[in-house]
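A closer look at the structure
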Amino acid sequence: MNRILKIIPVIFLLAINNLDAQQVVKNDTISGTPLSISMDKKVEELLENLEEKCLTRNSSNNDAPKTTAPKIVVPEKELTQAEICRRNPRIMGYKIQLAVVKSNEEAREVGLFFRRRFPNMKVEIDASLRPNYKVMAGSYLTKQSAAADLAKIRAHFKSAIAIQYRVFCVEAK
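As the structure is a prediction and not an experimental result, all values here were calculated from the model.

Attention now moves to the nonpolar core. Grouped together as the largest cluster of nonpolar side chains are 21 residues, with contacts concentrated most on Ile96, Leu98, Phe114, Met121, Ile153 and Phe157. When contributions to this core are tallied by element, the ones reaching two or more residues are strand 3 (90–101), helix 4 (104–117), strand 5 (133–140) and helix 5 (143–153). Sort the elements by how many residues they give to this core and strand 3 lands first, with five residues. When sequence neighbours within four positions are dropped, the list of residues in contact with Phe114 reads Leu98, Met121, Val123, Ala137, Ile153 and Phe157.

A separate point is helix 5. What helix 5 keeps buried is the set Ala146, Asp149, Leu150 and Ile153. Looking straight down helix 5, one finds that the buried residues subtend no more than 110° of arc, so they occupy a single side. Among the exposed residues of helix 5, those pointing more than 90 degrees away from its buried face are Gln144, Ala151 and Lys152. Buried-residue contacts for helix 5 involve strand 3, helix 4, strand 5 and strand 6 (161–168).

Here the focus is the pattern of salt bridges. Tallying each qualifying case throughout the model produces one salt bridge. Close ionic contact of Glu124 with Lys95 constitutes a salt bridge, the shortest N to O distance being 3.1 Å. With Glu124 in strand 4 (residues 123–126) and Lys95 in strand 3, this pair connects stretches of sequence that are 29 residues apart. With a relative accessible area of 27%, Glu124 lands in the partly exposed category.

Glancing now at a nonpolar patch on the surface. Taken together, the side chains of Met1, Ile4, Leu5 and Ile8 make up a nonpolar region of the molecular surface, amounting to roughly 470 Å² of accessible area. Note on placement: Leu5 falls in helix 1 (residues 2–19).

Before going further, it helps to spend a moment on the packing of aromatic side chains. Aromatic ring pairs are described here by two measures, namely the spacing of the ring centres and the angle between the planes. Applying the stated criterion across every chain yields a total of three aromatic pairs. Between Phe114 and Phe157, the ring centres sit 6.0 Å apart and the planes meet at 50°, which makes this aromatic pair tilted. In this pair, Phe114 sits in helix 4 while Phe157 sits in the loop between helix 5 and strand 6, placing the two residues 43 residues apart along the sequence. Side by side, Phe114 and Phe157 carry an identical accessibility label, which is buried. Joined through ring pairs, the aromatic side chains of Phe113, Phe114, Phe118 and Phe157 make up one cluster. When the ring centre of Phe168 is taken as origin, the NZ or CZ atom of Arg90, which lies over that ring, is 4.5 Å away.

Rules used in this analysis
Residues numbered from 1 in each chain as written. Predicted model: local features only at pLDDT ≥ 70, side-chain atom pairs only at ≥ 80, totals over all residues. Heavy atoms only, no water. Core = buried A, V, L, I, M, F, W, Y, C linked by side-chain atoms within 4.5 Å. Buried < 20%, exposed > 50% of the residue type's maximum accessible area, 1.4 Å probe, protein only. Helix = DSSP H or I, 4+ residues; strand = E, 2+ residues; numbered from the N terminus. Contact = heavy atoms within 4.5 Å. Arc of directions from axis to C-beta. Salt bridge = Lys/Arg side-chain N within 4 Å of Asp/Glu carboxyl O. Patch = residues over 30% accessible without salt bridge, like charges linked within 9 Å, V, L, I, M, F, W, Y side chains within 5 Å. Areas by Shrake-Rupley, 256 points an atom, 1.4 Å probe, with all protein chains shown as cover. Phe/Tyr/Trp six-rings, centres within 6.5 Å; stacked < 30°, edge-to-face > 60°. Lys NZ or Arg CZ within 6 Å of the ring centre and 35° of its normal.

Structure representation (structure tokens):
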């Protein structure tokens, strides 16, 4: 009886080894490099059957047999900032609104005051709210990129805020 109990686990282990997945080597579809995959032989056969069915469906539509490999579609890579700017020179970004004033003269004064304090930043006057004028500075791609400059500007302009505005992509930070 003890002997039978020892033989059963050994037979069980041998049976499990035979059921374990085997290593299958396939060629990569894009570059053609060998690709090792661990899978059961039956799964590999099922996949090959599905691939053959797909090929026969495509070739059954045409009279001539299909001799070329199927076309491989590679997804587009993510665009760089320069490529985005080339396609759309003006995009929605952010500017820092310094003040909203009643006249063009006041807007110029605010702009001159700002230029003296921050000579490296560009100032723009927007007259779209006539009779009021917006005085804005900088060009930023995101609100987070405007945050550092906004903190410095708020020392001189307490009501300064970052607003969404159309900016030139190449000028934006």
